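Each chain, written out:
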Amino acid sequence: MTPAVPDPRPPKIPESVLVVIHTPDLQVLLLERADAPGYWQSVTGSKDCLDEALTETCRREVHEETGLVAEPPWLSDWQLSNVYEIYPRWRHRYAAGVTHNTEHVFGLCLPAIQPVRLAPREHTAHVWLPWREAADRCFSPSNAEAILQLPSRIGGGR
């Protein structure tokens, strides 16, 4: 049996952001995870340090994962947090004993569909989909639920 190779990176902080990137007509950007083919999601990412502002985490993660810029007034804090159990396959990234993450939900409304530059270590594909179809494709229940809230979040009520 080969011994496990320790991860040289510091443990992830169990506080993250979920950024639903969309257009005014409710086209939603989804990314396919490189480490889990078939797992589609919005932009997500953990804080780099405990005192990092959540909006800074959003800006950094959106730019790293898509090449897009996330700035107010297009970036909005939905004042919504989800606490969920970290999937066992990804717990090794956190300190020993950490089993749950707090996810803060944000929206990024772009004026139109934009070209995306993926971070190949993180994602292998992207797609813009109508909001209901995007919600159906998400592997994460909290991500799907956030997308389903889009019409009421932007005042559409579709």
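Details of the structure are given in the entry above.
Before going into details, it helps to say that this report is about the structure given with it.

Rules of the game
Residues numbered from 1 in each chain as written. Predicted model: local features only at pLDDT ≥ 70, side-chain atom pairs only at ≥ 80, totals over all residues. Heavy atoms only, no water. Helix = DSSP H or I, 4+ residues; strand = E, 2+ residues; numbered from the N terminus. Phe/Tyr/Trp six-rings, centres within 6.5 Å; stacked < 30°, edge-to-face > 60°. Buried < 20%, exposed > 50% of the residue type's maximum accessible area, 1.4 Å probe, protein only. Lys NZ or Arg CZ within 6 Å of the ring centre and 35° of its normal. Salt bridge = Lys/Arg side-chain N within 4 Å of Asp/Glu carboxyl O.

1. Structural notes on unusual backbone geometry
Glycine aside, residues mostly have negative phi, and peptide bonds are mostly found in the trans state. A cis amide bond links proline 72 with the next residue in sequence, proline 73, at an omega value of 5°. Mapped onto the secondary structure, proline 73 falls in the loop between helix H1 (54-66) and strand S5 (75-85). Not every positive phi belongs to a glycine, and leucine 26 is a case in point at roughly 70°. By secondary structure assignment, the location of leucine 26 is in the loop between strand S1 (15-22) and strand S2 (27-33). The backbone of glutamine 79 shows a phi angle near 55°, a positive value even though the residue is not glycine. For glutamine 79, the position within the fold is in strand S5.

2. What to know about the packing of aromatic side chains
Overall, the coordinates contain 5 aromatic pairs when judged by the stated rule. With a centroid separation of 5.8 Å and 50° between ring planes, the pair formed by tyrosine 87 and phenylalanine 139 is classed as tilted. Placement of the pair is tyrosine 87 in the loop between S5 and strand S6 (100-109) and phenylalanine 139 in the loop between helix H2 (131-137) and helix H3 (141-148), with a sequence separation of 52 residues. Looking at phenylalanine 139, the relative accessible area reads 22%, which means it is partly exposed. An aromatic cluster is built from Tyr39, Tyr87, Trp90 and Phe139, whose rings are joined through pairwise contacts. Above the face of the tyrosine 39 ring, arginine 89 is positioned so that its terminal group lies 5.5 Å from the ring centre.

3. Points about the pattern of salt bridges
Per the counting criterion, the structure on display carries 10 salt bridges. Measuring nitrogen to oxygen at the nearest pair gives 2.9 Å for the salt bridge that ties arginine 60 to glutamate 52. Neither residue differs from the other here; arginine 60 and glutamate 52 are each classed as buried. Glutamate 85 is paired through a salt bridge with arginine 91; the nearest N and O atoms lie 2.3 Å apart. The exposure class of glutamate 85 is partly exposed, given its relative accessible area of 48%. A single network of salt bridges, built from pairs that share partners, joins Asp48, Glu52, Arg60, Glu61 and Glu64.

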